[in-house]
Amino acid sequence: MKFLFMKVDEVVYLVDAYDKERFAESKKELDALLSDEALANVPFLVLGNKIDILYAASEDELRYHLGLTNFITGKGKVNLADSNVCPLEVFMCSIVHKMGYGDGFKWLSQYIK
Ligand SMILES: Nc1nc2c(ncn2[C@@H]2O[C@H](COP(=O)(O)OP(=O)(O)OP(=O)(O)O)[C@@H](O)[C@H]2O)c(=O)[nH]1
């Protein structure tokens, strides 16, 4: 898939944490975005959705399957202003239960200029 960007301030990448069979496909799409020059230094919020379902992946599992274990930059307030590291974090959520994503967006907001 090829996207056309004008200017992007942040990326929110929503993954179905219950659909484990499609993690490889999700990783491929995410890797393509992470390596896109137009998105260099843009903060990435990865949301693992559907954690209300018993067999949904845990945050650790999702991080591992998306290959993000060594790329997350830390939750809470992390000052990356003087680095050229791309802020990236994984937050788990349930959209239908309206939970989890608030913390993710709060994290993301610190990187929006
Ligand atoms: N249990 C649960 N179901 C959810 C949640 N968020 C969305 N859904 C349900 O998931 C269904 C939509 O499926 P999605 O996974 O969003 O499907 P999609 O992204 O449109 O399509 P795919 O590309 O095939 O995954 C709807 O029935 C939603 O109600 C959630 O947090 N928990």
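Everything that follows concerns the structure shown earlier in this document.
Summary of the structure given here. Position numbers for residues start from 1 in each chain and track the written sequence from start to end. Where totals are concerned, whole chains, interfaces and linings use all residues; where local detail is concerned, this predicted model gives features only for residues with pLDDT of at least 70, and gives and counts side-chain atom pairs only at 80 or more.

**Overview of the overall build of the protein**
Numbered from the N terminus, helices here are DSSP runs of H or I no shorter than four residues, and strands are runs of E no shorter than two. The helix and strand inventory of the protein stands at three helices and three strands. Scanning the protein from its N terminus toward the C terminus, one meets helices and strands in the order β-α-β-α-β-α. Radius of gyration means the value over C-alpha atoms here, while the globule rule gives 2.2 Å times the residue count to the 0.38 power. Its C-alpha atoms give the protein a radius of gyration of 14 Å, within 12% of the compact-globule value 13 Å for 113 residues. By its C-alpha atoms, the protein is 40 × 30 × 25 Å across when sized along the principal axes. Within the protein, buried positions represent 23% of all 113 residues. Burial is judged by counting the other C-beta atoms within 10 Å of a residue's own C-beta: 20 or more makes it buried, 12 or fewer makes it exposed, and any count in between marks it as partly exposed, with every C-beta position built from the backbone.

**Things to note about the pairing of strand E2 (residues 44-49)**
By the criterion of burial, E2 is predominantly enclosed, with six of the six residues buried. Of the two faces of E2, the one holding Phe44, Val46 and Gly48 and the one holding Leu45, Leu47 and Asn49 are both buried throughout. Direction of pairing for strand E1 (residues 11-16) relative to E2: parallel, over a ladder of six bridges. Of the residues in E2, the one forming a bridge with valine 15 is glycine 48. If you view a crossover with the strands going away from you and the path from the first strand over the helix to the second runs clockwise, you call it right-handed. Of the crossover connections in this fold, the one passing from E1 over helix H1 (residues 23-34) to the parallel E2 is right-handed. A strand pair is defined by DSSP finding two or more bridges across the two strands.

**Brief notes about unusual backbone geometry**
Positive phi, normally seen in glycine, also occurs at asparagine 41, with a value near 70 degrees. Locating asparagine 41 in the fold gives a position in the loop between H1 and E2. Accessibility expressed as a C-beta count within 10 Å gives 11 for asparagine 41, which makes it exposed. Even without being glycine, lysine 98 reaches a positive phi, approximately 50 degrees. Looking at where lysine 98 falls in the secondary structure, it is placed in the loop between strand E3 (88-92) and helix H3 (101-109). Note on lysine 98: 9 C-beta atoms within 10 Å, which makes it exposed.

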